[in-house]
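Residue strings, one per chain:
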Amino acid sequence: MQELLGRIAKLDPEASLGLRVIACFDELMAGEVNSHALASAAAALAGCPAGFRSGDGSRQLRVDSGGVSIPGDRPAEVAALSLPNDSEVWLEREDVALPNDVLILERFGLAIGVRFGLERQQLETPRDVALVLDPAATPEDRSAAAVRLGLMPGSGYRVLAAPLFAVFEKRPAGPTDVITSEHGTLQVVIVTDDTEDIAVTPAGLGPSGSIGELPRSLRAAVVALRLSRPPEEGLVRAENFGGLVELLAESSDTTDPDAALIDEIMDSPWAESTVRVLLEAPTIRQAARDLGLHHSTVQSRAEQIERCLGYDPLSGYNRTRLGISVLRWRLRNSRVLELPGPVG
C-alpha cells in the first residue's frame, strides 16, 4: 500500500487522499497502537470527534479532533458503522458528511475489529507511550510506563515523529502511539539509539538519550519534522542541528527581530535556494558554482539580502544570525503536519 501510495501521490495528490487514509490505518495497525490512538487518528482525519462502543455497552471511547477524551455518551445523531457483536464506531460531525467520512469509518472500524476482536486484547490498554513522553508526568510514572513498554534502564532511545500521512517504506520496531502536539496529530515511535535504515517521510528523529530524556527527544523530533522538506529532505535528524534544535524549540517569532525582513526576502523566487547555498558555501564564488550561476548574479543577490536585513549576512556571527532566522522561517512555513482537505 505504501509503495502504491507513493506512486499515485506523485501523479495526482488529490486522488491519493483515500489511499493515504487506508495507508495511515494500515501503519497504525502494524504499530499495534491502542484504541485511543486509533480513535485519535480517525478524529484528526475527519476533523470531528470519533468514538467506539462495545456491543454490551461496557466500553465506550470518545475522542475529539485534538486527541482529548470526551466524557459522556455519544450524541443521538452520528454517522455510525456497525461492527460484529453489536459494537460500533462513529463520527460526530455536526454538518453535512464529507466525502472521506465513509472511508475513515471503514478503516477505523476494521482497525478496532482487528485490535479488539481478532487479537482479543483489552480495549483500554494503558497509554504508556504517551505517558513516557509526557514532560508533565512524574519521573516515577514515566519509569513505570517505560518498564511496561519493555524499555531498558541504561539504554539509549530516540523518538521518531511523523504525521498521520507519513509514508513508511519500512516501519522501525518500537512502541508506537498517536499523540497530539500544538502543531498537529503525530505518530510517534520509540526506537533504540542504534536503529538504522529508518525509511519514513516526512519524519523527524530526536537525539539519543536515556528513558528520562525521552520528552526532550520528542520535542527535538517535532522541530526536526517541521524542518523537513519532502521529497528532498524527508527524514531530518535533530542531532544534525546540534543545540540549535533546543534554541528553536524554546524561542518564538516574537524573539526574532529579523522575522519580517526574512519573510520579505523569501518572497523572491530565487531566495530560498540562494540563501541556503550562501550559508553553506565558504565564498560567494563557490556559492555561484554550486548554484550554476554567474558570480555577479550571486553577488547582486547577496547585496540585495544585505540591504534588506541591514547587516552583512556573510560576516562573522551574522552568518549564524541569518541561519537561525532562516530556520525559524522554515518552521513558520512548515506544512508537513497539515492534513489534506476533503475532496469534493
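Scoring rules and cut-offs
As a convention, each chain's residues are numbered from 1 in the sequence order in which they are written. Per-residue local features are limited, in this predicted model, to residues with pLDDT of at least 70; the limit for side-chain atom pairs, both in listing and counting, is 80 or more; totals at the level of whole chains, interfaces and linings are taken over all residues. Here the side-chain values reflect all heavy atoms present in the structure, with hydrogen atoms and water set aside. Stacked, edge-to-face and tilted are the three classes for Phe, Tyr and Trp ring pairs, Trp counted by its six-membered ring, which pair at centre distances within 6.5 Å; planes under 30 degrees apart are stacked, over 60 edge-to-face, the rest tilted. For a lysine, the NZ atom is tested; for an arginine, the CZ atom; a charge sits over a ring if that atom is within 6 Å of the ring centre and within 35 degrees of the ring normal. Pairs of strands are assigned from DSSP output, requiring at least two bridges between the strands. A run of H or I in DSSP becomes a helix once it reaches four residues, and a run of E becomes a strand once it reaches two; helices and strands are each numbered from the N terminus. Throughout, an axis means a line fitted to C-alpha atoms (over the contacting stretch in the case of helices), and angles, computed between N-to-C directions, take values from 0 to 180 degrees. Contact definition: two residues touch when any of their heavy atoms are within 4.5 Å. Any Lys or Arg side-chain nitrogen found within 4 Å of a carboxyl oxygen on Asp or Glu counts as a salt bridge. The rule is simple: take the accessible area with a 1.4 Å probe, protein chains only, and divide by the maximum for that residue type; under 20% is buried, over 50% is exposed, in between is partly exposed. Here, nonpolar core means buried Ala, Val, Leu, Ile, Met, Phe, Trp, Tyr and Cys residues that are tied together by side-chain atoms lying within 4.5 Å of each other. For the domains described, the bounds stem from an automatic or database domain assignment. For every residue, the pLDDT score states the predictor's confidence, bounded by 0 at the bottom and 100 at the top. Working note: the arc is built from the helix axis to C-beta atom directions. Here the angle decides the label: under 35 degrees means roughly parallel, over 145 means roughly antiparallel, 65 to 115 means roughly perpendicular, and every other value means oblique. It is the rotation of the near helix from the far one that decides the hand of a crossing: anticlockwise by less than a right angle makes it left-handed, clockwise makes it right-handed. Ten residue types, Ala, Val, Leu, Ile, Met, Phe, Trp, Tyr, Cys and Pro, are classed as nonpolar, four, Asp, Glu, Lys and Arg, as charged, and the remainder, Gly among them, as polar.

Q: Hey, could you run me through the packing of aromatic side chains in this one?
A: Remark: the centre distance and the inter-plane angle together describe each pair of aromatic rings, the angle taken between the planes. For the structure shown, the criterion picks out 0 aromatic pairs. The ring of Trp-90 carries Arg-74 above its face, with NZ or CZ at 5.3 Å from the centroid. Sitting over the ring of Phe-168, Arg-171 keeps its end group 4.3 Å from the ring centre.

Q: Mind showing me how you'd approach the sheet that holds strand E2 (residues 60–63) here?
A: Within a sheet, adjacent strands bond to each other through the backbone by hydrogen bonds, running parallel or antiparallel. Pairing is antiparallel in the open sheet, where 4 strands are placed in the order E2-E1-E4-E3. Of all strands in the sheet, those bounded by a partner on one side alone are E2 and strand E3 (79–82). Geometrically, the sheet is characterised by an average inter-axis angle of 15° between neighbouring strands, direction not taken into account. Direction of pairing for E3 relative to strand E4 (residues 88–91): antiparallel, over a ladder of 4 bridges. For Leu-81, the partnering residue across the bridge sits in E4 and is Val-89.

Q: Can you walk me through the environment of Val-245 in this structure?
A: Structurally, the position occupied by Val-245 is in helix H8 (residues 244–250). In this structure the C-alpha to C-alpha distance between Val-245 and Arg-219, which are 26 residues apart in sequence, comes to 8.8 Å. In this view, Val-245 contacts Ala-220, Val-223 and Ala-238; residues no more than four positions away in its chain are not counted.

Q: Explanation requested: the sheet that holds strand E10 (residues 203–205) in the structure shown.
A: Strand order in this open sheet of 5 strands is E7-E8-E5-E10-E11, and the pairing throughout is mixed. Strand pairing shows two members of the sheet lacking a second neighbour, strand E7 (176–181) and strand E11 (235–237), which therefore form its edges. For this sheet, the mean angle separating the axes of adjacent strands, direction not counted, is 25°. Inspection of the sheet shows E10 paired to E11 by 3 bridges, in the parallel sense. Note on E11: the bridge partner recorded for Leu-205 is Arg-237. Those strands touched by helix H7 (residues 214–227) are strand E5 (157–163), E7, strand E8 (184–192), E10 and E11, and its axis lies near 40° from that of E5.

Q: Any chance you could explain the pattern of salt bridges here in plain terms?
A: Once their charged atoms are close, side chains differing in charge can pair, the charge on each being opposite to the other. With the rule as written, the count across this model stands at 19 salt bridges. The closest approach of N and O atoms between Arg-219 and Glu-246, which form a salt bridge, is 2.6 Å. Taken together, the residues Arg-219 in helix H7 and Glu-246 in helix H8 connect sequence positions 27 residues apart. Here Arg-219 falls in the partly exposed class, since its relative accessible area comes to 32%. A relative accessible area of 24% means that Glu-246 is categorised as partly exposed. In this structure, Glu-272 and Arg-229 form a salt bridge, with 2.3 Å as the shortest nitrogen-oxygen distance.

Q: Hey, could you run me through the nonpolar core in this one?
A: Note that soluble globular proteins tend to have their nonpolar side chains buried in a common cluster. Core analysis: the biggest nonpolar cluster contains 34 residues, and Phe-25, Leu-28, Leu-38, Leu-45 and Phe-108 have the highest contact counts within it. Of all the secondary structure elements, the ones that give two or more residues to this core are helix H2 (17–30), helix H3 (35–46), strand E1 (50–53), E2, E4 and helix H4 (101–118). Of all the elements, H3 adds the most residues to this core, at 9 residues. For this core, the two domains that each supply at least three residues are domain 1 (1–122) and domain 2 (128–250). When residues no more than four places from it in sequence are discounted, the contact partners of Phe-108 are Phe-25, Leu-38, Ala-39, Ala-42, Ala-50, Gly-51, Phe-52, Val-89 and Trp-90.

Q: Help me out: how do you make sense of the confidence of the model for the chain in this one?
A: Regions with low pLDDT carry predicted coordinates that are not meant to be interpreted in detail. Mean pLDDT for the chain: 86, with 90% of residues reaching 70 or above. Counting contacts from residues 1–14, a segment whose pLDDT is below 50, to residues more than four positions away or on other chains yields 20 contacts. Every residue in residues 118–123 is under pLDDT 50, and counting partners more than four places away or in other chains gives 12 contacts.

Q: Sorry, what's going on with helix H9 (residues 259–266) here?
A: Listed as buried for H9 are Ala-259, Ile-262, Ile-265 and Met-266. Looking straight down H9, one finds its buried side chains confined to an arc of 120°; they lie on one side. The secondary structure elements touched by the buried residues of H9 are helix H10 (271–280), helix H12 (295–309) and helix H13 (317–332).

Q: Just to check I follow, could you spell out the packing of H2 against H3 for this structure?
A: Interhelical geometry of H2 versus H3 gives an angle of 165° and a closest axis separation of 11 Å. Judged by the angle between their axes, H2 and H3 are roughly antiparallel. Where H2 crosses over H3, the two elements pack in a sense that is right-handed. Across the interface between the two elements, Val-21, Cys-24, Phe-25 and Leu-28 from H2 touch Leu-38, Ala-41, Ala-42 and Leu-45 from H3. Within the contact of H2 with H3, the residues separate by chemical class into 8 nonpolar, no polar and no charged.

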